[in-house]
Amino acid sequence: MRAFFIGRFQPYHLGHHEVLREIFSEVDEVVIGIGSAQESHTVENPFTAGERIMMVDRAVGEIKNPGQKVYIVPLEDVYRNSLWVSHVVSMTPYFDVIYSNNPLVIRLFREAGFEVRRTRMFNRMEYHGTEIRRRMISGERWEDLVPEPVVDVIEEIDGVRRIREIANTDF
Ligand SMILES: Nc1ncnc2c1ncn2[C@@H]1O[C@H](COP(=O)(O)OP(=O)(O)OP(=O)(O)O)[C@@H](O)[C@H]1O
Ligand SMILES: NC(=O)c1ccc[n+]([C@@H]2O[C@H](COP(=O)(O)O)[C@@H](O)[C@H]2O)c1
């Protein structure tokens, strides 16, 4: 069975990691959508689709068996929600079931006739993209909230300096 899970992953954090660990315990293959792929270099969306692919690709090795398959697909937004599921389907390998906790994603896929399974939230106070980006900007410790390979990617791309410069607080 192949599942679909989408997020913006700005950045990929331990909440996403725990959700995907559960998904990999239930299915053989997962299609991971990198949502809002056109966005980068803003405080809300600092990282490019390519950078987010690197984060997800390196991190999922920790939570899946070698025999399990992951497809990582960047997905740009389309500014017409009624067409979005068709857009996703046209860009991804076939999948049987969606996992999500996002009300709009759940609604759109259910209306299109897909089976949708709700995901649990893990330590939402800290495993939260908005909180992690806030800590990066304010110089607080954020590294414990993401898988280690994600720390490496963010260091490689000098990501903290980028988000601080964008937020205009680095001086
Ligand atoms: N701590 C968490 N535990 C479980 N699921 C999570 C957690 N944080 C986010 N998710 C889920 O992961 C999916 C993708 O979320 P997303 O990439 O927007 O992360 P986020 O932490 O909500 O980021 P942001 O604060 O930037 O919106 C959503 O369905 C969201 O509900
Ligand atoms: N019309 C659209 O383009 C549309 C609709 C629903 C979700 N999405 C995207 O799906 C992703 C959902 O992930 P989040 O839970 O991280 O918000 C986002 O990137 C969001 O922009 C896009």
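In the annotation of an unreviewed UniProt entry, the protein is listed under the name Nicotinamide-nucleotide adenylyltransferase and assigned to Geoglobus acetivorans. Check the Catalytic activity (unreviewed entry) section of the UniProt entry for the protein; it says "beta-nicotinamide D-ribonucleotide + ATP + H(+) = diphosphate + NAD(+)". Per its UniProt entry, the protein bears the Subcellular location (unreviewed entry) comment "Cytoplasm".

Trainee: Report on the site of ligand 1, specifying residues and quantitative values.
Mentor: Contacts to ligand 1 come from 20 residues, most closely from Phe122, Arg124, Gly129, Thr130 and Arg133. One nitrogen or oxygen atom from the main chain of Phe9 is found 3.0 Å from an oxygen atom belonging to ligand 1. Taking Gly129, its main chain carries an N or O atom lying 2.7 Å from an oxygen atom of ligand 1. For the shell around ligand 1, the secondary structure elements donating two or more residues are β1 (2-7), α1 (14-26) and α5 (129-138). Partitioning the shell around ligand 1 into residue classes produces seven nonpolar, nine polar and four charged.

Trainee: I'd like a rundown of the site of ligand 2, residues and numbers included.
Mentor: In the neighbourhood of ligand 2, 13 residues make up the surrounding shell, with Ser36, Asp77, Val78, Asn81 and Asn102 lying closest. In this structure, a nitrogen atom belonging to ligand 2 sits 2.7 Å away from a side-chain N or O atom of Asn81. Computed on the free molecule, ligand 2 has an accessible area of 490 Å², of which 81% lies beneath the protein chains in the complex. At the level of secondary structure, the elements contributing two or more residues to the shell around ligand 2 comprise β1, α3 (81-91) and α4 (103-111). Here the shell around ligand 2 gets three residues from one element, more than from any other, and that element is α4. A class-by-class count of the residues in the shell around ligand 2 yields six nonpolar, five polar and two charged.

Trainee: Quick rundown of the nonpolar core? Include the residues and the values.
Mentor: Ranked by internal contacts, the top residues of the largest apolar core, which has 37 residues, are Tyr12, Leu20 and Ile23. Beyond its immediate chain neighbours, meaning those up to four positions away, Ile23 contacts Ala3, Phe5, Val30 and Tyr99. Ile6, Val73, Trp84 and Val105 belong to the second-largest nonpolar core, a separate cluster that totals 15 residues.

Trainee: Give me the lowdown on the packing of helix α2 (residues 49-60) against helix α6 (residues 148-156), citing residues and values where you can.
Mentor: Where α2 contacts α6, the axes come no closer than 8 Å and their chain directions differ by 150°. Taken together, the axes of α2 and α6 lie roughly antiparallel to each other. Seen from above, α2 lies across α6 with right-handed handedness. In this structure, α2 uses Glu51, Met54, Met55, Arg58 and Ala59 to contact α6, whose residues at the interface are Pro149, Val150, Asp152, Val153, Ile154 and Glu156. Residues that form the contact of α2 with α6 fall into these classes: seven nonpolar, no polar and four charged.

Trainee: Tell me what's going on with the UniProt feature "domain: Cytidyltransferase-like" (unreviewed entry) in the protein, and back it up with residues and numbers.
Mentor: In the numbering used here, UniProt assigns the "domain: Cytidyltransferase-like" (unreviewed entry) feature to residues 4-135. From the first C-alpha to the last, residues 4-135 spans 30 Å; its make-up is 39% helix and 18% strand.

Trainee: Any chance you could break down the packing of aromatic side chains for me, citing the residues and the numbers?
Mentor: Across all of its chains, the model carries eight aromatic pairs by this definition. Centroid distance Phe5 to Phe9: 6.1 Å. Interplanar angle 50°. Geometry classified as tilted. Per residue, the accessibility class of Phe5 equals that of Phe9, and both read buried. These aromatic residues form a ring-pair network of at least three members: Phe4, Trp84, Phe95, Phe109 and Phe114. The ring of Tyr71 carries the charged tip of Lys69 above its face, separated from the ring centre by 5.1 Å.

Procedures and definitions
Residues numbered from 1 in each chain as written. Chains lettered and ligands numbered in written order. Predicted model: local features only at pLDDT ≥ 70, side-chain atom pairs only at ≥ 80, totals over all residues. Heavy atoms only, no water. UniProt positions renumbered as here; feature names shortened; annotations may be inferred. Near = heavy atom within 4 Å. Polar contact = N/O pair within 3.5 Å; in protein donor to acceptor, adjacent residues only side chain to side chain. Helix = DSSP H or I, 4+ residues; strand = E, 2+ residues; numbered from the N terminus. Nonpolar A, V, L, I, M, F, W, Y, C, P; charged D, E, K, R; others polar. Areas by Shrake-Rupley, 256 points an atom, 1.4 Å probe, with all protein chains shown as cover. Core = buried A, V, L, I, M, F, W, Y, C linked by side-chain atoms within 4.5 Å. Buried < 20%, exposed > 50% of the residue type's maximum accessible area, 1.4 Å probe, protein only. Contact = heavy atoms within 4.5 Å. Axes fitted to C-alpha atoms, helices over the stretch in contact; angles between N-to-C directions. Parallel < 35°, antiparallel > 145°, perpendicular 65-115°, else oblique. Left-handed = near helix turned anticlockwise from the far one by under 90°. Phe/Tyr/Trp six-rings, centres within 6.5 Å; stacked < 30°, edge-to-face > 60°. Lys NZ or Arg CZ within 6 Å of the ring centre and 35° of its normal.

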